[in-house]
Structures are given as structure tokens and as C-alpha cells.
Amino acid sequence: MVGFGRSWRRHLAWMLAGSLLLATFTATAGHVPDTLTQRIKACTSCHGEQGQGGSNGFNPRLAGKPALYLYHQLLNFREGRRHYPMMRHMVEGLPKPYLREIADYFAAQHPAWPSAEPSLLPAALLEEGHDVVERGDPSRNVPACAACHGKRLTGVEPAIPPLIGLPGDYIRNQLGAWRNGTRQAAVPDCMATIASRLTPQQITAIAGWLASQPRPDNARPEPARTAPLPLDCGGVAALDETPAADQTKPMTHGEYLARIGDCVSCHTATGGEPLAGGRAIPTPFGAIYTPNITPDNTTGIGNWSRDDFWRAMHEGVDVHGNDLYPAFPFPSFTRVTRKDVDAIFDWLRTVEPVHRANQPNELSFPYSMRSLMSVWRALYFDEGVYKPDPDKSAEWNRGAYLVKGLGHCSACHSPRNWLGATKGDELLSGAPIPQQHWYAPDLGTAEGNGLAGWSKRDIVDFVRTGRSSKGIAYGPMAEVVHESLQYLTESDAQAIATYLLDRPSKATPRFHDKFLPPPVRRRRAAHLDHMVVQGHAIYVEHCAACHGKDGKGQLNVYPALAGNTSILAADPVNAIRKVLLGGFAPATRSWPRPYSMPPFIEKLSDHEVALVVTYIRHAWRNRPHTDVPYATVSDDTVAKYRSSFTH
């Protein structure tokens, strides 16, 4: 009896413990920690939980580097001075205060340093590297590395990084990037100057010697120096604390229209002055560069009149009488009223003039012949201001006016013919964006369409914040939300939702598997089942912690995958891209510190990505919006997109 009693008590204890654990799990299920560590999973998945560096040697150590240095580098990636596609993708929409917060986080981490690399370089070459690091090369006017980066080479506050603790291949590649111009800093760019003076042999020697050195016990940056640096180096302001003008005072009507029409984003090059043009718009026919629309008299629109601007917006003809290319969406802008066009022009006259000459387009022949636009216009351009539908409400008409006109939604969400014109009978039915490797989902509400099951609130939340119960905006749509749609008023967002939900919509056609020969049907079904089973295992290991085993995600944090419009699009590119590249949700005024998704481009093979994407497109009653029965994702498709993302 004693033994039974002990066993019974032990059993009861386990039951109570299990109940407590279950209660704890239930109480915390669905809760995502509101911590920076949780928000920047995309960073730490590559650079280590404490920024200690990745295992491949090309995701460098961030921990303990001066915060201002890290902040500068994030800005350099965001503004195009550093050219690594993955990093550009990660930070392109993040505001400066958030970048500084991320920099401060990694600067405060101090995990153990990695062991020094054993060097295979000849002793004489290592000694040459030591000489340049410690004494420089006067014959080439190269100062000693230690003169800037500290005697112990552990960096100097506030913004000079350490040189120890980095893999030799990484150091060599970075010096090479400085040398060939793919890595840049603010002018004067002292590192570019130094790298250009070093020989390839010296770069190899420096990298090999630095990587082979033991790490000092105290490897933190030295205090800020008072002595001048050997070369003049450019810098970036520590942090622009001044809020954007649109956040400190009400926008004028013209600025509001210009922002929700995406004028500011399209006419601002990466790292360039606002509205000064120079942004490349990729098309199947080549790149078209947006013009300067600041009120500069010689390079902008300073000498334009209201009538000139109206003609460009309404007719697609510039001040010199030249036909504009439809990369400028005048086929949509023609629907905008004269009053609104004048308001935009009046606001543009108030912005800071920038003297920047327009960059010539890079179009292939014969598309470079602007005279051919007259034929295109005759075939595809219907000029005319939007006419309200008298049978619809004022809210519906306002939504139609915004979607068809200033919002130019059809520019991305409508398929195009071989001459680049939108197909009028398929407006907003979804389309690939091949130059950017995304797919813009269809905006119909019938079964199998992109907005099927969306509520009015879902659409309003999505366009204003990039987040809703149906998903989170990524890719080009995230940029549109960040640069444009977040400024929508509640009433205009409601109007857009009203119009979209009331548009005529046809169900996506389905090819029933009964039309397949039985052997083909069985083979395809078995192949799909096999991929789904294997994909489920990958999903549980890498995805379920954030998106849930049920695919419902975490509201406003990690998007639901069950019923997700982007996941179920006819083309699987969106899902493939997100698995490979991860990234941050769009930053907006209401959500300036978004959560992120880790990239799996270095962790999952093409086959594994194909398996997990196939799984999420079929799990939880999902069904891809395609008429292909038993649709799966192939390894070759993943490989094609992986290559396009990394080159």
C-alpha cells in the first residue's frame, strides 16, 4: 500500500504539473513578446542571437561595434551606398529611429569572440600585412590601419569599427568592394581612397594577418579620439531627430493627393533628394527614369504652368509636346479632376528646388522611338476625367475615383499585353510583376479571387497599415503602403473598400480532376500528397512557432497563411520569395517598429523550399488560385527565383 500510495501521489503530481503547464501554455498561447529581440529575428537569424556573426563568414559580427558605425551602415544599405541585395531588401522601408534602435541593440551585446583563424599564407605575406596595418605604406600614401581603428584594432567611438574578430574572406571582400565602388560612404569616402591605393597582394596580406590575430581580453572600442584622422572621412548625422513635416503639421490637400498618388516615392531615387527624380522604373522594354518634378527652373518644372502640368497628367504630353511613356500612369491619371491636379501642382511649387538633370531612359529599339507612342495612344489611351455613376453612392464613387485614377491600382494588379497596355477586360484580375519578381493578386471578391472573404475592415486596415487579419503587405505593396497609402484618411480608405467589395467579380475557373485520365490523376495526387507530408515536417520545424500549426499566425505581427491571398495567388513567386528572403513588414506612422521574418535562403535548399511552399498552399483547406489540379511547386521554379534574387 505504501508503494501504491507513493506511485499515486507521483501520478497526481505529474497530473497537476501537466495541468499547470497546460494552463500556462493556454494563457500565453498567441502572445508574441513585444521586445526588440523578437522584432528583429530577420537580423539575428543571420548574424547570431547576440550579433556574434554567422557561420558562413559573410554575415559579420555586429556585437560590440560602435552604435553610430552600425547605424551608418544600415543607412548606407537603405540609401544605396552599399549594394548587397539582401540587406537592401531588409532595411529599405525602415525609419531612421528604428535603424538606430537596432544599431544600439547590437552595440550593447558582448558575446565571446571567435577564435583566431589559422592562416595558410606565407610568413612573408603575413608580415607585409602586419606592416601595413601597423605602419601603413608611405610609398602609396596609405596610412596605418591602427591610426584610425585604434592601437588594439578594436575600433574607436563613436563610429570607427574594429578590424579584429572578422573572417579573412570577409575583410578581403569588403576591401575589394571599396576598391570597385560597390561599397561607398558619405563623401569624402576615405576607405574608397585607401582601398584604391592598396595592391591586391596587400589586401590579401592585410585580411590574412588581421584574421589570424588573437582577440584581446577587452575587445571593446576605444574612447573617442581628439587627434585628427590621417584622411578626411565623410560622415552621416548621428540621427535626424526632426520629425517629417507631414507628422508635425497637417498636410495641404495637394500634398495629400501627391502622397496617396505615390508621386513622392516614384520621383525620388534611392538616397536622393525628394521629388528630384532619377528612380529607375523597370519595364520589359528597358529602364525608364523618373524626371525631376521640383520647382527648379532648368532641370525641374519651375517654368511649367498649371496648364502644362494638367496636360501631362490628363493627356500624357510634356511641356515640349513629347508623348510620355505609360510607365508614368497617365492612362489612370487622366481620370483625376482639374481641381485635384491643380492642387498637386500648387504643392509641388512649394517644395525645395533641386538642380538635378534628368537621366536618359535605357529602352531597347524600337521602344526607344518615342514617336511610336502616337500609335500606342491611338490603340490604348482613353482620355477623360472620371464620371460618377449616378446609381452608386457617393462613397462608392469616391472609391472608384481613387482606385481608377490617382491610386492607379491597375498599373500593378492588371495583366498587360505585349505592348505594355493593360487588358481592359481583365482589370484588377492579378498580374505578375516580372521585373521585380512579385505577383500582384487579383482584387476580385468571388470564390478563388484575391479579396474573397475579406471584410471592409480588413481592406481599410491593410491599405492604411499594411496589416490586417488577412495578411501583411510585402514587396512592392509594402512600399506602396509605406510611401503612399498610409497617408489615406479613414474616409478615403473606407471608400476604396466599398468600391472594391462591390465590383463585379467572377469565380476563378477550376479544372476538375475528373477530366484527367485516372492514371494521371492518381500520379499527380500521390505526388502532391508526398510533397505535402514532407513540407509539413519543414513547416513545423521552421515556421509553426510564428505562423502557428493551424496557419492562423498572430494578428498584426505574423500573417495568417490559411486563406492568405498572396500565398494562394496563381503564381507561387510571392510565397517563394518570402521563404527565401524574409524581411520586415512595412513601417508606418501607426506601426514604426514592425516585426520581421527570417530569411531561409541560406538554410533551406531549393527542394526544401518547394516542399514547404507546396504545403502552405494546400494546408488548412488552402487551394491555389489556379486551374491546374494538384498544383505543386518545382525545384526548378525555386532555383529560378533564387538566382534572380541574388544577382
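Residues numbered from 1 in each chain as written. Predicted model: local features only at pLDDT ≥ 70, side-chain atom pairs only at ≥ 80, totals over all residues. Heavy atoms only, no water.

Trainee: In this structure, what is going on with the side chain of H482? I would like to understand it.
Mentor: Mapped onto the elements of the fold, H482 is located in helix α22 (residues 475-483). Within the local environment of H482, its side chain forms a polar contact with the backbone oxygen of G93, the two atoms lying 3.1 Å apart. When near neighbours in sequence (up to four residues on either side) are disregarded, H482 contacts G93, Y487 and A587. (Helix = DSSP H or I, 4+ residues; strand = E, 2+ residues; numbered from the N terminus. Polar contact = N/O pair within 3.5 Å; in protein donor to acceptor, adjacent residues only side chain to side chain. Contact = heavy atoms within 4.5 Å.)

Trainee: Where do I start with the state of the cysteines in this structure?
Mentor: Cysteine pairs can be covalently joined through their sulfur atoms, and such a bond is termed a disulfide. This structure, assessed with the given rule, holds 1 disulfide. Note on cysteine connectivity: C190 is disulfide-linked to C233, with sulfurs 2.0 Å apart. Taking the sign of the S-S torsion, about 105 degrees here, the bridge from C190 to C233 comes out right-handed. Remark: C233 occurs in the loop between α11 (200-211) and α12 (245-248) and C190 occurs in helix α10 (residues 190-197); sequence separation between them is 43 residues. Classification of C190 by relative accessible area gives buried; the value is 14%. You can see C543 has no disulfide; the closest cysteine sulfur is in C546, sitting 8.7 Å from it. Its relative accessible area of 15% is what places C543 among the buried residues. (Disulfide = S-S within 2.5 Å. Buried < 20%, exposed > 50% of the residue type's maximum accessible area, 1.4 Å probe, protein only.)

Trainee: Before we go on, may I ask you to explain unusual backbone geometry in this structure?
Mentor: With glycine set apart, most residues show a phi of negative sign, and most peptide bonds adopt trans. In this structure, P188 follows V187 across a cis peptide bond, with omega equal to 0 degrees. Tracing the backbone shows P188 in the loop between α9 (168-180) and α10. At the junction of F365 and P366, the peptide bond is cis and its omega measures out at 5 degrees in the coordinates. Mapped onto the fold, P366 is located in the loop between β3 (362-363) and α18 (373-380). In this structure, H437 takes a positive phi of about 60 degrees despite not being glycine. Tracing the chain through its elements places H437 in the loop between β4 (431-433) and β5 (438-440). Residue class for H437 comes out partly exposed when judged on its relative accessible area of 25%.

Trainee: It is not clear to me how the packing of aromatic side chains should be interpreted in this structure. Could you clarify?
Mentor: Describing an aromatic ring pair means giving the distance of the ring centres and the angle of the ring planes. Tallied over the entire structure, the rule returns 16 aromatic pairs. Plain terms: the ring middles of F328 and F333 are 5.4 Å apart, the flat faces sit at 70 degrees to each other, and that makes the pair edge-to-face. We classify F328 as partly exposed; its relative accessible area is 22%. Residue classification places F333 among the buried residues on the basis of a relative accessible area of 3%. (Phe/Tyr/Trp six-rings, centres within 6.5 Å; stacked < 30°, edge-to-face > 60°.)

Trainee: How should I be thinking about α22 in this particular structure?
Mentor: Residues lying three or four places apart along an α-helix face the same way, a consequence of the helix completing one turn every 3.6 residues. Burial in α22 covers these residues: P476, A478, V481 and H482. Buried positions along α22 lie against β4, β5 and α21 (456-465).

Trainee: Hey, could you run me through the confidence of the model for the protein chain in this one?
Mentor: Parts of the model with low pLDDT should not have their predicted coordinates read in detail. For the protein chain, the mean per-residue pLDDT works out to 88, and 92% of the residues sit at or above 70. The model gives residues 241-246 a pLDDT under 50, and that stretch makes 6 contacts with residues more than four places away or in other chains. (pLDDT = per-residue confidence, 0-100.)

Trainee: Could you clarify how one ought to interpret the pairing of strand β2 (residues 286-289) in this entry?
Mentor: Residues in a regular strand project their side chains so that they alternate between the two faces of the sheet. Two strands pair when backbone bridges link them, and strand β1 (residues 280-283) and β2 are joined in this way by 4 bridges, in the antiparallel orientation. Within the sheet, the bridge partner assigned to P282 lies in β2 and is A287. Between β1 and β2, which pair antiparallel and follow one another directly, the connecting turn spans 2 residues. Two strands pair when backbone bridges link them, and β2 and β3 are joined in this way by 2 bridges, in the antiparallel orientation. Along β3, the bridge assignment pairs A287 with E362. (Pairing = 2+ DSSP bridges.)

Trainee: Explanation requested: the packing of helix α4 (residues 67-78) against helix α6 (residues 96-107) in the structure shown.
Mentor: In a packed pair of helices, the relevant descriptors are the angle between the two axes and the axis-to-axis distance. As a packed pair, α4 and α6 sit with axes 8 Å apart at the nearest point and diverge in direction by 135 degrees. For the element pair α4 / α6, the angle class is oblique. Seen along the crossing, α4 lies across α6 with a hand that is right-handed. Seen from α4, the contacting residues are A67, L68, L70, Y71, L74, L75 and R78; seen from α6, they are K96, L99, R100, I102, A103, D104, F106 and A107. Of the residues that constitute the contact of α4 with α6, the class distribution is 11 nonpolar, no polar and 4 charged. (Axes fitted to C-alpha atoms, helices over the stretch in contact; angles between N-to-C directions. Parallel < 35°, antiparallel > 145°, perpendicular 65-115°, else oblique. Left-handed = near helix turned anticlockwise from the far one by under 90°. Nonpolar A, V, L, I, M, F, W, Y, C, P; charged D, E, K, R; others polar.)

Trainee: I tried to follow the pattern of salt bridges on my own but got confused; where do I start?
Mentor: Side-chain pairs of opposite charge can arise whenever the charged atoms involved come near each other. Inspection of the entire model under this criterion finds 24 salt bridges. Taking the shortest distance from any N to any O, the salt bridge between R140 and D137 comes out at 4.0 Å. Its relative accessible area of 13% is what places D137 among the buried residues. Where D502 meets K392, a salt bridge forms, and the shortest distance between an N and an O atom there is 2.8 Å. With D502 in helix α23 (residues 490-502) and K392 in the loop between α18 and α19 (394-406), this residue pair connects regions lying 110 residues apart in the sequence. Owing to a relative accessible area of 37%, D502 belongs among the partly exposed residues under this scheme. A residue is classified by how much of its surface remains accessible, and K392, at 33% relative accessible area, is partly exposed. (Salt bridge = Lys/Arg side-chain N within 4 Å of Asp/Glu carboxyl O.)

Trainee: Teacher, can you tell me more about the environment of R140 here?
Mentor: Following the sequence through the fold, R140 ends up in the loop between α7 (123-135) and α8 (146-149). Separated by 58 residues in sequence, R140 and L198 place their C-alpha atoms 7.5 Å apart. Beyond its immediate chain neighbours, meaning those up to four positions away, R140 contacts R197, T199 and Q202. Only 3.3 Å separates the side chain of R140 from the backbone oxygen of R197, close enough to count as a polar contact.

Trainee: Quick question: what am I supposed to make of the environment of T337 here?
Mentor: As for its position among the elements, T337 is in the loop between α16 (330-333) and α17 (338-348). Judged by its relative accessible area of 27%, T337 falls in the partly exposed class. When sequence neighbours within four positions are dropped, the list of residues in contact with T337 reads W310, V385 and Y401.

Trainee: What is the right way to look at the packing of α7 against α11 in this model?
Mentor: With their axes 7 Å apart at the nearest point, α7 and α11 run at an angle of 90 degrees to one another. One element, α7, and the other, α11, form an angle in the roughly perpendicular class. In contact with L125, L126, E128, G129, H130, V132, V133 and E134 of α7, α11 contributes Q201, Q202, T204, A205, I206, G208, W209 and L210. Residue composition of the contact of α7 with α11, grouped by class: 8 nonpolar, 6 polar and 2 charged.

Trainee: When you look at the side chain of H413 in this model, what are you seeing that I'm missing?
Mentor: Along the chain, H413 falls in helix α20 (residues 410-413). There is a polar contact of 2.7 Å between the side chain of H413 and the backbone oxygen of P441. Those residues in contact with H413 that lie beyond four places of it in its chain are L428, S429, G430, A431, A440, P441 and L443.

Trainee: What's the story with the sheet that holds β3 in this structure? I'm lost.
Mentor: The pairing of strands in a sheet comes from backbone hydrogen bonds and takes either a parallel or an antiparallel form. Taken in spatial order, the 3 strands line up as β1-β2-β3 in an open sheet, and their pairing is antiparallel. Each of the sheet's edge strands pairs with one partner strand only, and the pair in question is β1 and β3.

Trainee: How do you make sense of the nonpolar core when you look at a structure like this?
Mentor: Nonpolar side chains in soluble globular proteins generally cluster together in the buried interior. Among the nonpolar cores identified, the biggest contains 59 residues, and I260, F309, I344, L348, L488 and L500 are the most heavily contacted of them. Those residues in contact with L488 that sit more than four places away from it in its chain are Y256, I260, V463, R464, A493 and I496. By size, the runner-up hydrophobic cluster in this structure holds 58 residues, among which are C43, M90, Y615 and Y641. (Core = buried A, V, L, I, M, F, W, Y, C linked by side-chain atoms within 4.5 Å.)

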